[in-house]
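Below, each chain spelled out in residue letters.
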Amino acid sequence: MTDSTSSDLLRLGVNIDHVATLRNARGGRVPDPVRAAQLAQAAGADGITLHLREDRRHIRDADVPAVQAAVNIPINLEMAATAEMSRIALSLKPEAICIVPERREERTTEGGLEVAGDEARLLEFIAPLRAAGSRVSLFVAPDEAQIEAAARVGAQVVELHTGAYCEHVEAGDTDARDAELRRLFVCAALADELGLEVHAGHGLNFDNVGPIAAIPELVELNIGHFLIGEAVFIGLDAALAEMRRLMNLARE
């Protein structure tokens, strides 16, 4: 169990995938994800997340080592549990690895990883990553069976999928929002009891982050698309500063 309290400050990981999305839309080298990572670090980000997808729709292979070389804050490599990604991760040895579900046809990650139904394979997949020195996280829905399975397969962290909560907030469905928020609180507490570090992310923005940031066991939020989008209008440093302010306010 962690010793976190509601007064502890949350870490903020910044996902820069969609800087690469914009670059790839036209081709060439700009905007440069490396520069985005450097700006995020200068603005106070605690880590940089990159999702290397099978189809390379945004982050590409060369981006990961380039970002690793350009910043001195932890790199969190999001990836599917495939043999190709295992080889890449074992070569790059990022500080953190977050295993996520992945389907080619999805626009973004649509749900949590199915851990409870795939324990034997994930146990075998995670072991060499941990042995290489990476901290392994599983991106899961707020479901107690998935949390318990994550502990059994050797994950050190669970990242709770906040997408459903964010969708209910956007739709104005307060009953569904509150029910999902209760699930997030319960699962964060369970993960903490099982010795797992608790992170959260997906769909978070200025308007909905407060109740999530207030979850006492939470240690880190990973936010990308909204921050990159907001940076178009106010700059990345200002977007990070406002997100950090709201996160800290929630912890008080």
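Treat the numbers as computed from the prediction; the structure is a model and nothing was measured.

(A) Looking closely at the UniProt feature "binding site: 1-deoxy-D-xylulose 5-phosphate" (unreviewed entry) in the protein chain. As annotated by UniProt and renumbered to match this structure, "binding site: 1-deoxy-D-xylulose 5-phosphate" (unreviewed entry) occupies Asp-17, His-18, Arg-53, His-58 and Thr-108. Residue placement: Arg-53 occurs in the loop between strand S2 (47-51) and helix H3 (63-70). Arg-53 sits in the buried class, given a relative accessible area of 3%. By secondary structure assignment, the location of His-58 is in the loop between S2 and H3. Here His-58 falls in the buried class, since its relative accessible area comes to 4%.

(B) Just the state of the cysteines, in detail. Scanning the model with the defined rule gives zero disulfides in all. Cys-166 carries a free sulfur, and the closest cysteine sulfur to it, the one in Cys-187, is 16 Å from it. Relative accessible area serves as the criterion here: at 8%, Cys-166 is assigned to the buried category.

(C) Spatial organisation of the UniProt feature "binding site: 3-amino-2-oxopropyl phosphate" (unreviewed entry) in the protein chain. Cross-referencing UniProt, the feature "binding site: 3-amino-2-oxopropyl phosphate" (unreviewed entry) maps to Asn-15, Arg-26, Gly-203, Gly-224 and His-225 in the present numbering. A maximum C-alpha distance of 25.5 Å is found for the annotated residues, which run over 211 residues; spatially they are spread out rather than grouped. Within the secondary structure, Asn-15 is located in strand S1 (residues 11-15). Only 2.8 Å separates the side chain of Asn-15 from the backbone nitrogen of Asp-17, close enough to count as a polar contact.

(D) Quick look at the nonpolar core. With 71 residues, the main nonpolar core has Ile-99, Leu-138, Ile-212 and Leu-221 as its most contacted residues. Ignoring anything within four residues of it in the chain, the contact list for Leu-221 reads Leu-10, Arg-11, Leu-12, Gly-13, Ala-200, Leu-204, Val-209, Ile-212, Ala-213 and Met-247.

(E) Region of interest: the pattern of salt bridges. Evaluated as defined, the whole model comprises 13 salt bridges. Of the charged contacts in the structure, one is a salt bridge between Asp-63 and Arg-23, with a shortest N-O distance of 2.9 Å. Of this pair, Asp-63 sits in helix H3 while Arg-23 sits in helix H1 (residues 17-26), and the two are 40 residues apart along the sequence. Exposure remark for Asp-63: the relative accessible area of 9% places this residue in the buried category. The buried category is assigned to Arg-23, whose relative accessible area is 7%. In this structure, Arg-57 and Asp-55 form a salt bridge, with 3.1 Å as the shortest nitrogen-oxygen distance. Residue Asp-55 is classed as partly exposed on the basis of its relative accessible area of 26%.

(F) Spatial organisation of the packing of aromatic side chains. Per the counting criterion, the structure on display carries one aromatic pair. For the pair Phe-206 and Phe-226, a centre-to-centre distance of 4.7 Å together with 80 degrees between the ring planes defines the contact as edge-to-face. Separated by 20 residues along the polypeptide, Phe-206 in the loop between strand S7 (197-201) and helix H9 (209-213) and Phe-226 in helix H10 (residues 225-234) bring together distant segments of the chain. With a relative accessible area of 23%, Phe-226 lands in the partly exposed category.

Cut-offs and rules
Residues numbered from 1 in each chain as written. Predicted model: local features only at pLDDT ≥ 70, side-chain atom pairs only at ≥ 80, totals over all residues. Heavy atoms only, no water. UniProt positions renumbered as here; feature names shortened; annotations may be inferred. Helix = DSSP H or I, 4+ residues; strand = E, 2+ residues; numbered from the N terminus. Buried < 20%, exposed > 50% of the residue type's maximum accessible area, 1.4 Å probe, protein only. Disulfide = S-S within 2.5 Å. Polar contact = N/O pair within 3.5 Å; in protein donor to acceptor, adjacent residues only side chain to side chain. Core = buried A, V, L, I, M, F, W, Y, C linked by side-chain atoms within 4.5 Å. Contact = heavy atoms within 4.5 Å. Salt bridge = Lys/Arg side-chain N within 4 Å of Asp/Glu carboxyl O. Phe/Tyr/Trp six-rings, centres within 6.5 Å; stacked < 30°, edge-to-face > 60°.

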